[in-house]
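Fold and contact review
Each chain is listed here by its residues.
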Amino acid sequence: MSTTQTLARLKDLKLGGMAAALEHQQNQLGTYDELPFAERLELLLDREFQTREHRKQDRLVRQARFKLRASIQDIDYQHPRNLKKAQVAQLAQTDWLERGQNLLITGPCGSGKTYLGCALGHQACLNGLSTRYYRISRLLLELTQAKADGTYQKTLNQLAKVKLLILDDWGLEALKPAHRNDLMEIMDDRHGTHSTMIISQLPTDQWYAAIGDNTLADAILDRLMHNAHRWALKGESMRKRLQEID
């Protein structure tokens, strides 16, 4: 079988990484000729593995639907807002996600909460973990629509399987009774198995009142807070400071 035929067969088998690596080897005349067959095969397999990993990461990032393109490497530590590199480095390892722990990020408007949340979510995707970002108002609207078209349970099941669920703008709008029940369903499904990140302008001691129902507030917050990491950001708006510099 000729090299051209081999490449075609690899592509037919959806082994594009191996095909690209074989083409590279063929184009580097003499470089790989003396390598044993097993070593050359290992190089092809490594390339295929890397290609599939990158494809998976790209797919997870697309499915996450992040509000911002953010990365751990680009986080600003110069702006004083009670954020430490050690905190970020710890959570960037994603061990907390494997343990099903939660993360609560609070702070004033413009303190960079959403960027931090999206950066950690992006890192989770790079580590092969499914992630989904929602503004909470849009999630609740989606659930309302799911009830109307009969896909409510399916939507809840999908949310329950996501390794990291990011809910932004927590507490900005008053919750309707049905929305409280929706949140209870989500938190109960995820409790102890998968992680939830909450991003809010409200400090955590105001969340109870923001939920608006004593019984459900107890149940929801118990599931969120008992195993949660907490970041309470401070300081003036980063956007305001950037405008002043400009």
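Here goes a summary of the coordinates provided. What you see as residue numbers is a count from 1 along each chain, following the sequence as written. It should be noted that, the model being predicted, local features are given only for residues of pLDDT at least 70 and side-chain atom pairs only at 80 or more, the latter also being counted only at that level, while totals for whole chains, interfaces and linings use all residues. Side-chain figures throughout are based on the complete set of non-hydrogen atoms in the structure, without hydrogens or water.

1. Describing empty space enclosed by the protein
Points on a 1 Å grid, built from protein atoms alone, make a cavity when a 1.4 Å probe fits but cannot get out and make a pocket when they are open with protein on both sides within 12 Å along at least 5 of 7 lines; residues with an atom within 4 Å of a point are the lining residues. Grid points are joined across faces, edges and corners, and a volume is the space filled by probe spheres set on the points. Taken as a whole and assessed by the stated rule, the structure comprises one cavity of 30 Å³ or more. Roughly 40 Å³ of internal volume is contained in the largest cavity. Together, Asn 102, Met 187, Arg 190, His 191, Gly 192, His 194, Thr 196, Arg 223 and Leu 224 line the largest cavity. Here a strand is any run of E in DSSP of at least two residues, a helix any run of H or I of at least four, and the numbering for each starts at the N terminus. Those elements that provide at least two residues to the lining of the largest cavity are helix H9 (177–190) and helix H11 (214–225). Its residues placed into classes, the lining of the largest cavity shows two nonpolar, five polar and two charged. Think of it as three bins: nonpolar holds Ala, Val, Leu, Ile, Met, Phe, Trp, Tyr, Cys and Pro, charged holds Asp, Glu, Lys and Arg, and polar takes everything else, Gly as well.

2. Focus: the side chain of Asp 169
Counting through the fold element by element, Asp 169 comes out in the loop between strand S3 (164–168) and H9. In this structure the side chain of Asp 169 is engaged in a polar contact, spanning 2.8 Å, whose partner is the side chain of Arg 135. Ignoring sequence-local partners within four residues, the contact set of Asp 169 consists of Arg 135, Ile 136 and Ile 199. Polar contacts, as counted here, are pairs of nitrogen or oxygen atoms within 3.5 Å of one another; within protein the pair requires one atom able to donate a hydrogen and one able to accept it, and residues that are adjacent in sequence qualify only if both atoms are side-chain atoms. Here, residues are in contact when the closest pair of their heavy atoms is within 4.5 Å.

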